[in-house]
Structure formats: C-alpha cells, structure tokens
Amino acid sequence: MKKRSALISIVTLLIMSLVFTACGNPSGSKTETQQLGANAGENATELSFWTFVDLHGKHLDKMLGLWNQQNPDKQIKLNVTVMPYDDMHNKLLLAVTSGKGAPDIADIELGKFPKFLEGDNVPLESLNDVYAPYKDAVVPSRVEIYSKAGQVYGFDYHVGATLAFYNTEILEHAGVDYKKIITWEDYKQAGIQVYEKTGKYLGTADTSASFQASLLLAQQNADFTDENGNPKVNSPEMIKAFEMLVDLQKNNVIHTIPGGQPDTEEAKGEYNKGNYASALMPEWYMSRFVNEMKDLKGKYAIAPLPVFEEGNPRSVGLGGTGTVVTKNGKDVQLAKEFVAFAKLSKEATTEIWNTLGFDPINMEVWKDDAVTKNPENEYVQYFKTNAFDTLNEIKDEIQAIKSVKASPTIGNIFNTVTLNAIFEDGQDVKEALDEAQAAIEQELK
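On a predicted model such as this, the values are computed, not experimentally measured, just so you know. Residue numbering note: each chain is counted from 1, following its sequence as written. For this predicted model, a pLDDT threshold of at least 70 governs which residues receive local features, and a threshold of 80 or more governs which side-chain atom pairs are given and counted, while totals over whole chains, interfaces and linings are taken from all residues. Only hydrogens and water are set aside; all other atoms, that is, all heavy atoms of the structure, feed into the side-chain values.

Student: So what's going on with the pattern of salt bridges? Which residues, and what values?
Tutor: One side-chain nitrogen of Lys or Arg within 4 Å of one carboxyl oxygen of Asp or Glu is enough to make a salt bridge. Under the defined criterion, the tally for this structure stands at 22 salt bridges. The salt bridge partner of D156 is R142, with a shortest N-O separation of 2.8 Å. Of this pair, D156 sits in strand β7 (residues 155-156) while R142 sits in helix α6 (residues 141-144), and the two are 14 residues apart along the sequence. For the pair formed by D156 and R142, the shared burial category is buried. Through salt bridges with shared partners, one network takes in D263, K268, R288 and E292. We count a stretch as a helix when DSSP gives it H or I for four or more residues in a row; a strand needs E for two or more, and each element gets its number in order from the N terminus. Note on classification: 1.4 Å probe, protein chains only; a residue is buried when its accessible area is under 20% of the maximum for its type, exposed when over 50%, partly exposed between these limits.

Take a look at the structure:
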C-alpha cells in the first residue's frame, strides 16, 4: 500500500494541476508581487492578497480601480502576490494557523478549502454581513461549499454550472437534433446514430477526471460522501451512474479520449479534428473553446445536460476558488467589504463574464442582455447559442458536490485507478467501486 500511495501522490500533483486551472492560468514556478491601486490617495490602506492564478490578480486590479473611484474615503492599495499552487496553499495554511505572516485576503482552491475549516477555531473571517445584501441574487450552492456552521468564509469567481456543448455540424450530418436530447436514453440513441452515420463518438468516457461521476451523482441527489463526510463511492447511485456510462461505451456512444478527459491538450486536439461531438463540462470550458479550439467557432451549441428522468436536476457546479479574509489582517472590515464588491457586485460580475468568460455567482447579471448578449463579446460570437439562455433555464437546478476532508483521497483513487479499471480494463463496475471504497478507507486511516 505504501508504494501505491507514493505513486498516487505523484500522479495527484498532475491531476490537481488540471483541476485548478479551471479558474484561469495558474502561476508558474516563480513568486511575483506587485502593488495595485495607482489611483489611490496618500491615505489609502495597504492590504495584501495571495493567489495562485495570475488572472485573479488582474481581475482584482480592475475592481480596485472602481472601488477607489466609488469610495474616496476608504481607498485601498493592494499588494498582490502570485505563487505556485502548492506553495501558496501550504504557506497560507501555516500563516493562518500560526497567526503570523498571513495576507489580508487570499484565494483558496475548493479542494484545499476543507483544511482551512477544520476544528472549532476557523482562522478565516465570517463574511455573513457583507454577503447579506447579495444573498437573494447568489446561487446558494456556490456559497454553501465555502461555509461551515452557518458562517460563510469564501466567495467564488464562478458557478461552474455543467452544460452540454454539442457540435451541431456533426449532429446535423447524422440527422440528430440536439434540442431533442432530454434524457440519457435520448443521448444514447443520438450517439448510436452519430456513430453509424459518421464514425464519430458523441462523447467521452473520462479516465483522469471525475466530472462525469459528479454530474451523475448530483442528478440523483447523491454525493461521494455521506452526511458525516465519510466516503460512499460504491453506493447504488454510483453503481447506476457507471453502469449507464459503460452501456454508452459498449454502444460506441462514448469512448476514452487521449489525455483522459476533455480539458487536456490532447483531448482538445481530438475535438478540433471533429472526432467527438459533445463535451459535458462546466461553463468555464467555454474559454477552452474560444482560446484553444478556434477552428470550431460557429459549430457548437449549448444546452442543458441529459438526465436519467425528466425532472432530475440538470446541472452541478464544478471547480472553484473561494476568496477569503484572514482574521489577523490590519483592517478586516475594509477587506471584507472590498472582497464582496470585487466578487458579488454588479460591476464585478459583469467584469467576470466579459474578461474571464465565467458564469458569476451573482445571477443578477445573468438577466442583463446588454452584458450577456453583447455582440462584441468573444464568447457570444463563438457559440451558436447563448450560454445564459441555458443558464437561466437551469439556474434553480444547479446542485453541489461537497468538498470535504476525504475528497482529495477519493479523487486520487478514482482518477488514477478506478476510472481506468472500468473504461480501459473493462472491470465490473461494482467490483471496481468496492475496491475503490476499500482503498479510500485504507488511505484515510
């Protein structure tokens, strides 16, 4: 077990590098610091911000300019430090638990967040008071994942609502109308027809990421863990999910893909070649199309996910980074007010969509056609349909998968062993999931 644990730990570093890039471009191997807020006055308060994604610092820079314009009596200068992913999280955890050297504001990736909430004395400031004005406009599940005992500790950059992206050129050639794909049985029949007519696969059988397992569990109101945070990966819901996926694979509806899942360089090459006709991915995958699959512009439409039965929830929020305020900052209340403004305000959510292409957690902007349907926006120009038409259709159905202490271990086992065993080696689903459950329990001892 020790040898396998070492192998899993190594591979996990590679997997996590894929997971956290969902929120933008991660920092390289160097640590870089710069001061933002050139328009601030002499009496501005200096605050510090740590992040692992360069684009997050750029977003806060834009928001800082607006904040200082609108708040002449509470101006801020922000010292932004961008560090490599593991370095930042390790240094931050040490700083907040020791009470020494912590920044005023920081980003914490969703998979790392449970470590900061352990114990009775959470070293982060409650954001409940600054959250209250926006509460009715925000997707609740995207706040709950950064909360504990009724206290909110982080605000995300995006919902990460999972959507269906369909290559209409391939589907039309096969005589398939994506708008008629409502259930997984519809998806299966469409995929059989696509393969018979074109030799292309409708979708992927992922072997290095758990997006599919997450969305299929969410549709059944289930999770990887129970109410106490204990793993339950061999549950009836998980078995049902993977048996359905294996059936799709056997019928040539889905197929494994180079790189193991859609958000890899190799997989994007396959999409560019037209070898796969759909991607069932979080909304942030739009940026991958726009930036890395330019030849597919005008071919893809966006729609809700297929479901087991009509009435099942049609989306789940995946990925994420929570921005927090630490307890030992020089002006905690000012930091909290700025974080809420930079992540939840109408100005912030507009900027998050325009610049990052993310679905902001404040849904007020979702209904603003001037923003979401701006013909100059590159995301609007790329797709045949507007993302927010689908997002508004499924906005009350966006589920959440918990991120708890056991989550990294579950991800390790699934993404390095279990998924390959099922989709590459053809192992029986229940047997593979029983083995995963045993391995996870052993790792957690």
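Student: Summarise the nonpolar core; cite the residues concerned and give the values.
Tutor: Throughout this description, the term nonpolar core refers to a set of buried Ala, Val, Leu, Ile, Met, Phe, Trp, Tyr and Cys residues connected via side-chain atoms within 4.5 Å. Of all hydrophobic cores here, the largest spans 126 residues; its most connected members are F165, Y187, F242 and F414. Ranked by residue count, the leading element in this core is helix α13 (residues 332-344), at nine residues. If you look at the next biggest cluster of nonpolar residues, it comprises 20 residues, including M88, V96, I108 and F116.

Student: Provide a residue-level description of helix α2 (residues 54-70), including the pertinent values.
Tutor: The span you would expect from a helix comes to 1.5 Å times its residue count less one. Across its 17 residues, α2 extends 25 Å between first and last C-alpha, which sits within 8% of the 24 Å expected from 1.5 Å per residue. Along α2, the residues that are buried comprise H56, G57, H59, L60, M63, L64, G65, W67 and N68.

Student: Could you give an account of the confidence of the model for the protein chain, with specific residues and numbers?
Tutor: The predictor's confidence in any single residue is recorded as pLDDT, a number from 0 to 100. Averaged over the protein chain, the pLDDT score is 91; the fraction of residues at 70 or greater is 93%. Every residue pair with non-hydrogen atoms within 4.5 Å of one another is taken to be in contact. Note on residues 1-21: pLDDT is under 50 here. Beyond four places in sequence and across chains, it has 27 contacts.

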